[in-house]
Amino acid sequence: MEFPIKAVHLDSQSDDDRLAMIMMQLDMALALARENKSPEVARDLEKAMAKARKARDRQLN
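Predicted, not measured: the structure shown is a model, and the values here were computed from it.

Reading the values: the criteria
- Chains are numbered independently. Their residues run from 1 in the order of the written sequence.
- For a predicted model such as this one, the threshold for reporting local features is a pLDDT of at least 70, and the threshold for listing and counting side-chain atom pairs is 80 or more; totals across whole chains, interfaces and linings nevertheless cover every residue.
- To obtain the side-chain values, all non-hydrogen atoms of the structure were used and water was disregarded.
- By the criteria applied, helices consist of DSSP H or I runs no shorter than four residues and strands consist of E runs no shorter than two, each listed in order from the N terminus.
- Taken over C-alpha atoms, the radius of gyration is set against a globule rule of 2.2 Å times the number of residues to the power 0.38.
- For each residue, the accessible area found with a 1.4 Å probe, counting protein chains only, is set against the maximum for its type, and the residue is called buried under 20%, exposed over 50%, and partly exposed in between.
- To estimate the expected span of a helix, subtract one from its residue number and multiply by 1.5 Å.
- Summarising the geometry, the arc corresponds to the directions from the helix axis toward the C-beta atoms.
- Whether two residues touch is decided by their heavy atoms; if any such pair falls within 4.5 Å, the residues are in contact.

A. Expanded view of the overall build of the protein chain. Regarding its fold elements, the protein chain presents two helices and zero strands. The globule rule puts the C-alpha radius of gyration for 61 residues at 10 Å, and the 15 Å found for the protein chain is more than 25% above it. In terms of overall dimensions, the protein chain has C-alpha extents of about 45 × 35 × 20 Å along its principal axes. Counting the 61 residues in the protein chain, one finds 16% classified as buried.

Okay, here's the thing in structure tokens:
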């Protein structure tokens, strides 16, 4: 079975795709910050995630 390789670049992504990717990266970074017991970093990432959620909500409405 062969799978085609698709290059992902700025022109091939929608705003929704980019926002979803950012939120996924923030979520992974937040998990690492919590695992490494870095409360200052976790707090900053939680603020960034809240901003990303607000942006997503604005896009959905």
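B. Representation of helix 2 (residues 39-60) within the structure. Counted at 1.5 Å a residue, the expected span for helix 2 with its 22 residues is 32 Å, and the 31 Å between its end C-alpha atoms agrees. Taken as a whole, helix 2 has its buried residues at A42, L45, M49, A52 and A55. Around the axis of helix 2, the buried residues are gathered within 135° of arc, so they sit on the same side. Residues of helix 2 that are exposed and angled more than 90 degrees away from the buried face: P39, K47, K51, K54 and R58. Against helix 1 (15-35) lie the buried residues of helix 2.

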